[in-house]
Amino acid sequence: MDKSLILNEIKKHLKFKTDTELANFLGVKQNTISTWKARNTIDYDLIITKCDFINANWLLTGKGEMLKDTQLKASAILDPNEFSKSIPLIPVDAFAGIGDNGGYSISESAIEDRYIIPLFDGKGVDFLISVRGSSMYPKYSSGDIVACRFVRELLFIQWNKVYVLDSKSQGSMIKRLIKSNNPKTVICRSDNKDYGDFEVPMEDIQSIALVVGAIRVE
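For the rest of this paragraph, the subject is the overall build of the protein chain. A tally of helices and strands in the protein chain yields seven helices and nine strands. Taken over 218 residues, the protein chain has a buried fraction of 43%. Sequence-distant contacts in the protein chain: of pairs separated by 6 or more residues, those separated by 24 or more amount to 57%. Total accessible area on the protein chain stands at roughly 11,900 Å², and carbon and sulfur atoms take up 48% of it.

Have a look at this one:
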């Protein structure tokens, strides 16, 4: 099947009007789309990762249904303007894997849903994630949704603020970070007084994000 037709069908489904919008969605340069069309080829792995609603057999052969099911994620039906404003909700385990990729990019396949929350406009929120456990009670309860912004450099930590972090030794957690007397470690503190402080080596931290807000469902 003509790969241009496949790309156009994907673009149509996502309600994108231009190749530039599609390129931005896929995270590639606009001329990459032009090259694919000229060479009648596409990056299958990238398309499947970014467009997890697509039937892989249709992508490879052009036969059958384009959609692998009828239960589409919000990211698949938002128009371009809404998509740019939406915030991805990811499971805790997905955050634990972000650092393994050597960067702070969230795979579209790891996103549970996307939400438009005007309250967080202009706050640089990168993702939403659910709180697990009671260690940060009463500040945050299990089941609360916190809005987070990635910290690109550990040097920019704001002490005594709450962060979601992924450590190699203890996995993902939400803690208040306190400056340690040892410059090679940070102190993790819970708001729940039943939990004690503990130190984590800076080199043990793979990913870190500042909590900038929260949503609570009673």
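Still more ground to cover, so stick around.
Running from N to C, helix α1 (residues 3-13) and helix α3 (residues 30-39) cross one another at 140°; their axes reach a closest spacing of 8 Å. For the element pair α1 / α3, the angle class is oblique. Here α1 contributes Ser4, Leu7, Asn8 and Lys11 to the contact with α3, which in turn contributes Ile33, Trp36 and Lys37. By residue class, the composition of the contact of α1 with α3 is three nonpolar, two polar and two charged.

Our focus in this paragraph is helix α2 (residues 19-26). Every buried residue belonging to α2 is among Asp19, Leu22, Ala23, Phe25 and Leu26, and all of these are buried. Buried residues of α2, viewed axially, fall in a sector of 160°; they line one side. Following α2 by one or two positions, Gly27 adopts a phi angle in the positive range, close to 80°.

Once that is clear, we can look at the pattern of salt bridges. Side-chain pairs of opposite charge can arise whenever the charged atoms involved come near each other. Enumeration according to the criterion identifies four salt bridges in this entry. Residue Lys11 pairs with Asp19 through a salt bridge whose shortest N-O separation is 2.7 Å. Asp19 matches Lys11 in its accessibility class, with the two residues each being buried. The closest approach of N and O atoms between Lys37 and Asp19, which form a salt bridge, is 3.0 Å. Taken together, the positions of Lys37 in helix α3 and Asp19 in helix α2 put the pair 18 residues apart, joining distant regions of the chain. In the salt-bridge network here, residues are joined through shared partners; they are Lys11, Asp19 and Lys37.

Angle between the axes and distance between the axes: these two values describe a pair of packed helices. Taken N-terminus to C-terminus, the directions of α2 and α3 make an angle of 105°; their axes are 8 Å apart at the nearest point. By the angle class used here, α2 and α3 are roughly perpendicular. The segment α2 lies against α3, with Asp19, Thr20, Leu22, Ala23 and Leu26 engaging Gln30, Ile33, Trp36 and Lys37. A breakdown of the residues in the contact of α2 with α3 according to their chemical character gives five nonpolar, two polar and two charged.

To continue, consider the confidence of the model for the protein chain. Looking at the protein chain, the pLDDT average stands at 83 and 88% of residues meet or exceed 70. At the level of individual helices and strands, the protein chain shows its lowest average pLDDT in helix α6 (residues 80-85), which scores 68, and its highest in strand β7 (residues 185-189), which scores 95. Low confidence marks residues 70-77, where pLDDT is under 50. Its contacts with residues over four positions away, or in another chain, come to 19 contacts.

Below, the discussion takes up the packing of aromatic side chains. Geometrically, a pair of aromatic rings is defined through the distance of the ring centres and the angle of the planes. Taken as a whole and judged by the stated rule, the model has four aromatic pairs. On the basis of an interplanar angle of 10° and a centroid distance of 6.4 Å, the ring pair of Phe95 and Phe150 is categorised as stacked. In this pair, Phe95 is assigned in helix α7 (residues 92-98) and Phe150 in strand β4 (residues 145-150), connecting sequence segments 55 residues apart. You can call Phe95 buried: its relative accessible area is 0%. Phe150 sits in the buried class, given a relative accessible area of 7%.

Thresholds applied
Residues numbered from 1 in each chain as written. Predicted model: local features only at pLDDT ≥ 70, side-chain atom pairs only at ≥ 80, totals over all residues. Heavy atoms only, no water. Helix = DSSP H or I, 4+ residues; strand = E, 2+ residues; numbered from the N terminus. Buried < 20%, exposed > 50% of the residue type's maximum accessible area, 1.4 Å probe, protein only. Contact = heavy atoms within 4.5 Å. Areas by Shrake-Rupley, 256 points an atom, 1.4 Å probe, with all protein chains shown as cover. Axes fitted to C-alpha atoms, helices over the stretch in contact; angles between N-to-C directions. Parallel < 35°, antiparallel > 145°, perpendicular 65-115°, else oblique. Nonpolar A, V, L, I, M, F, W, Y, C, P; charged D, E, K, R; others polar. Arc of directions from axis to C-beta. Salt bridge = Lys/Arg side-chain N within 4 Å of Asp/Glu carboxyl O. pLDDT = per-residue confidence, 0-100. Phe/Tyr/Trp six-rings, centres within 6.5 Å; stacked < 30°, edge-to-face > 60°.

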